[in-house]
Amino acid sequence: MKVKIIVNGYKKVYDVAPDEYLLDTLRADNFYSIKRGCDNSSCGVCTVLLDGKAVQSCTLLSVKADGHEITTIEGYQEEAKKLSEHFGHQGADQCGYCNSSLALTVHAMKTEIKNPTNEDIKEYLVGNLCRCTGYEAQHRAIKLCLEDEE
Amino acid sequence: MEIVNYFKAKTIEEAYQKLNEDPSNLIIGGGAWLRLSSKIVNTAIDLEHVGLNQIKETKNSIEIDAYVTLREVEKNEALANLFSSIINKGISGIMGVALRNLVTVGGSIFGKYSFSDFITPLLAVNTEVEMYKAGRMALEDFLKLRTREKDILLKIIIKKEKVLGYYYKMKKTGLDFAVINVGVTKTNGYYKIVVGARPSLAAYATSAMEYINNQKVITPKVIEDTAQIVVEELKFGTNSKASKEYRIELTKVYVKRGLKEVTK
Ligand SMILES: Cc1cc2nc3c(=O)[nH]c(=O)nc-3n(C[C@H](O)[C@H](O)[C@H](O)COP(=O)(O)OP(=O)(O)OC[C@H]3O[C@@H](n4cnc5c(N)ncnc54)[C@H](O)[C@@H]3O)c2cc1C
Ligand code: FES
Ligand code: FES
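These numbers were taken from a predicted model, which means no experiment stands behind them.

How each quantity is defined
- Residues numbered from 1 in each chain as written.
- Chains lettered and ligands numbered in written order.
- Predicted model: local features only at pLDDT ≥ 70, side-chain atom pairs only at ≥ 80, totals over all residues.
- Heavy atoms only, no water.
- Phe/Tyr/Trp six-rings, centres within 6.5 Å; stacked < 30°, edge-to-face > 60°.
- Helix = DSSP H or I, 4+ residues; strand = E, 2+ residues; numbered from the N terminus.
- Buried < 20%, exposed > 50% of the residue type's maximum accessible area, 1.4 Å probe, protein only.
- Lys NZ or Arg CZ within 6 Å of the ring centre and 35° of its normal.
- Salt bridge = Lys/Arg side-chain N within 4 Å of Asp/Glu carboxyl O.
- Expected span 1.5 Å × (residues − 1).
- Contact = heavy atoms within 4.5 Å.
- Near = heavy atom within 4 Å.
- Polar contact = N/O pair within 3.5 Å; in protein donor to acceptor, adjacent residues only side chain to side chain.
- Areas by Shrake-Rupley, 256 points an atom, 1.4 Å probe, with all protein chains shown as cover.

Draft legend 1. Structural detail: the packing of aromatic side chains. Residue and element names in this part refer to chain B. For the structure shown, the criterion picks out 8 aromatic pairs over all chains. With 4.5 Å between their ring centres and 55° between their planes, Phe 115 and Phe 177 make a pair best called tilted. Of this pair, Phe 115 sits in the loop between helix H7 (105-110) and helix H8 (119-124) while Phe 177 sits in the loop between strand E9 (163-170) and strand E10 (180-187), and the two are 62 residues apart along the sequence. Note on Phe 177: relative accessible area 37%, which makes it partly exposed. Ring pairing ties together the aromatic residues Trp 33, Tyr 113, Phe 115 and Phe 177, which thus form one cluster. Directly above the aromatic system of Tyr 16 lies the positively charged group of Lys 133, at a separation of 5.0 Å from the ring centroid.

This is how it looks when you write it as structure tokens:
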């Protein structure tokens, strides 16, 4: 099946199977920033933005993305760089496997919630698992990054 | 799940015709629960373009279409204001935002999941469902339907009334399913008590409701007795999440907290 998806602002046409997931379609197109973790909707490392909203690409059928806009971290390089600097300073990443999905989720949160509280941040990011950090340092880094942008 | 063909219907009738063409054809909502199954689907029928994507407020009700995502419901302010946020709160305890942006009202109701954090609060308020062929019925009756007839869930309809409500999902970790979930409401002086994930599908505690609704004054003793009737009348069980005994103790605690909350 042919599907037309705008990925990071570029029009793309993919030939996909009816039961192919977006994670596989995009990784086959070299978007390696999108990671595969649980592959069953539980860990969030495969998060991309669908029309600006965070979704799990391991669970979204590629046919469902037809006619929609997808953003991966490559679409937010400048913004991601700032967050990644804070991550570095706060010791918020170790292997880095979860970082791009986390940065995309933070971006979605910022567009959805103005001035998020500590609780908002925790609640919004609950679905983004990280096996390395214990979350405290990530939380600090995100707060500092948000403060910088004010 | 394997899908042989994918069909984006343009009308509900078209979707219904396709649904009945083959026993393995089905409607796909967000596809998140189906993804976990080992089903082989001949044609998955998508409702994105049939116009079931809205939350509408009418004079007497709030109508939520089947293809609306749970995240959209969670963020709806009218639901929060009318029903003490119990529906919004129920949804917010389901996994993360990125899943709630995908899963749909249709899939969440039609699946009749026993662990559902959506069905419990919906039962605690006044909810009906509208099916394409079977028409409109109370959510409670829909949940009891055993028919194998293929149909399409179009929307749910929640009566607008000022509800004092309480909802609690007891879970062991942030992203887990409920060990038990409890909804308690008071609407125009009438109490409803719903317990889900027992581990079976959410149900009213009808005897307990009858008892408390016949009391003139709600004393601590009445609340205690009501909670006791709840655990005596509903069936509880053991599964990998928790034992029957633990669920019974938890239910007593949360029913009491709920009743105290709505009688404040
Ligand atoms: C990893 C994971 C964890 C979860 N945890 C929780 C939790 O803690 N609490 C909770 O309440 N829920 C939980 N859920 C369930 C979730 O909230 C949804 O209810 C579920 O995924 C179904 O929604 P869906 O849109 O994905 O439906 P689908 O998977 O697309 O469909 C589910 C069923 O409904 C049918 N269907 C869909 N739409 C219609 C329609 N309009 N008419 C007729 N039939 C229809 C399908 O044919 C299928 O049989 C979880 C789901 C996942 C994947
Ligand atoms: S890989 Fe998609 S949620 Fe884990
Ligand atoms: S830094 Fe390793 S998974 Fe998050």
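That was the structure; now back to the text.
Draft legend 2. Up close: the pattern of salt bridges. Scanning the entire structure with this criterion turns up 27 salt bridges over all chains. Ionic pairing is found between Glu74(B) and Arg100(B), a salt bridge with its closest N-O pair at 2.8 Å. Taken together, the residues span a long stretch of sequence, with Glu74(B) in helix H3 (residues 70-74) and Arg100(B) in helix H6 (residues 97-100) at a distance of 26 residues. Look at Glu74(B) and you get buried, because its relative accessible area is 10%. With its nearest N and O atoms 3.9 Å apart, the salt bridge here joins Glu161(B) to Lys159(B). Look at the salt bridges and you will find they share partners, linking Glu112(A), Arg71(B), Glu74(B), Lys75(B) and Arg100(B) into a network.

Draft legend 3. A look at helix H11 (residues 220-233) of chain B. Residues and elements named next belong to chain B. Its 14 residues give H11 an end-to-end C-alpha distance of 20 Å, which sits within 8% of 20 Å, the value for a rise of 1.5 Å per residue. Taken residue by residue, H11 has Val 222, Ile 223, Thr 226, Ala 227, Val 230 and Val 231 as its buried positions. Considering only its buried residues, H11 is in contact with strand E11 (190-196), helix H10 (206-213) and helix H12 (244-263).

Draft legend 4. Representation of the site of ligand 1 within the structure. All names here are of chain B. Not every one of the 34 residues close to ligand 1 is listed here, only the nearest: Ile 27, Gly 29, Gly 30, Thr 104 and Asp 117. At 3.0 Å, a backbone N or O of Trp 33 approaches an oxygen atom of ligand 1. Between Leu 153 and ligand 1, the recorded distance is 2.8 Å, taken from a backbone N or O atom to a nitrogen atom. Protein contact buries 95% of the 960 Å² of open area that ligand 1 shows by itself.

Interpretation note: all reported values are geometric properties and have no functional meaning in isolation.
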